[in-house]
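Here's the letter readout for the chains.
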Amino acid sequence: MRVVIIGGTGHVGTYLVPRLAAAGHDVTCVSRARRQPYQPHAAWARVRHVTLDRGAEEAAGSFGERIAALEPDAVIDMICFKLDSARHLVEALRGRVRHFLHCGTIWVHGPSVEVPATEEQPRRPFGEYGLQKAAIEEYLLGEARGNRFPATLLHPGHIVGPGWPPLNPAGHFNPRVFQDLARGVEVALPNLGLETVHHVHADDVAQAFERAMANWSASVGESFHVVSAAALTLRGYAESMAAWFGREARLQFLPWDQWKQTVSPEEAAATWDHIAHSPNSSIAKARRLLGFQPRYRSLEAVQESVEWLVRAGTIKISD
Ligand SMILES: NC(=O)c1ccc[n+]([C@@H]2O[C@H](COP(=O)([O-])OP(=O)(O)OC[C@H]3O[C@@H](n4cnc5c(N)ncnc54)[C@H](OP(=O)(O)O)[C@@H]3O)[C@@H](O)[C@H]2O)c1
């Protein structure tokens, strides 16, 4: 198929574009060409690149037509964050694509009721990002089920891979937490450390996109969680990472109001966003309908990323 991926040089595209090219698809990657994929791959030589700024093209009302003019069989939209952006693209592609895949997020859910949460649970999103992604999901599923627009949504958890810092056991992104665990330095966690995070390796997200395309009839009109097989508690995550470094974790537990004083406002905001969601998502549906089999457990995915941070000198295990 002729596949156009919008935003294909990021976390997921680094793995997805080579997978699609290796599977024999004719791939066009759309981006502003400001960045390179996190890892090189020979398959990129066979990928066509189109430089477009989505924001500028949307403002001019031309983005959808620019994508349609590429005559794709399938479009993968990695970077849609507003309902208006989704509408604009769907209107341009209606009747002109065989498959449309949108990258969503598990933030379409707010706090869980039963865990692991399934795709069928009522949405209770909060925060602008989650609210918009949930509105896009409702819109695309409505278009698919009511108007035969061939949309599929894939909802990743916290995307991990070598090249960028993973969400850490304190629920934010400062790699220092891993360094402290590696050195046996005490780490403070909010509350009892029993709130959860749910990672996924970027290559497993890529696998889910590839399988959704290969299982068109099962994936159109559906949304799927794309996470590792099991979420982690912050405490269990911290203990496991310390053990991986050959240490026993030295943990302190502080009530939220005290804990947030121990980190920067940005770190506190990131942690609050993660623990207020405390995701724990089921992948039973993706396993059943797509044959999705994540290759990485959460800890394996994180460890691969932390190994990269150690090699890059971002995390210093000793002085
Ligand atoms: N990160 C996570 O943990 C996480 C978790 C759940 C869901 N998600 C979802 O994952 C998706 C993002 O995927 P990702 O993490 O693989 O992306 P990413 O790493 O942020 O990469 C973004 C890609 O889009 C391109 N891009 C950015 N702005 C653009 C613009 N205005 N016009 C054209 N191209 C643009 C970038 O290249 P240039 O900069 O060169 O243009 C790059 O190719 C989002 O839908 C997000 O909601 C992410």
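If you're wondering where the values come from, they're calculated on a predicted model, not measured in any experiment.

A.B. asks: Outline the sheet that holds strand β5 (residues 99-103), listing residues and values.
C.D. replies: Spatially, β3-β2-β1-β4-β5-β6-β11 is the arrangement adopted by the 7 strands of the open sheet, whose pairing is parallel. Two strands bound the open sheet, and with one partner strand each, they are β3 (48-51) and β11 (222-226). Looking at each pair of strands side by side, their axes are set apart by 20° on average, direction ignored. Summarising the sheet, strand β6 (residues 151-156) and β11 pair through 5 bridges and their orientation is parallel. Among the inter-strand pairings, T152 is bridged to a residue of β11, identified as E222. The strands touched by helix α7 (residues 202-214) within the sheet are β1 (2-6), β4 (74-77), β5, β6 and β11, with β5 carrying the most contacts at an inclination of about 160°.

A.B. asks: Just give me the short version of helix α11 (residues 265-277), but keep the residues and values in it.
C.D. replies: Here α11 contains 13 residues, and its C-alpha end-to-end distance of 18 Å stays within 8% of the 18 Å for a straight helix at 1.5 Å per residue. The complete set of buried residues in α11 reads E267, A268, A270, T271, H274, I275 and H277. Buried residues in α11 make contact with β7 (158-160), β8 (187-190), β9 (196-197), α9 (234-244) and α10 (256-259). Directly after α11, the chain includes S278, whose backbone phi takes a positive value near 35°.

Cut-off values and rules
Residues numbered from 1 in each chain as written. Predicted model: local features only at pLDDT ≥ 70, side-chain atom pairs only at ≥ 80, totals over all residues. Heavy atoms only, no water. Pairing = 2+ DSSP bridges. Helix = DSSP H or I, 4+ residues; strand = E, 2+ residues; numbered from the N terminus. Axes fitted to C-alpha atoms, helices over the stretch in contact; angles between N-to-C directions. Contact = heavy atoms within 4.5 Å. Expected span 1.5 Å × (residues − 1). Buried < 20%, exposed > 50% of the residue type's maximum accessible area, 1.4 Å probe, protein only.

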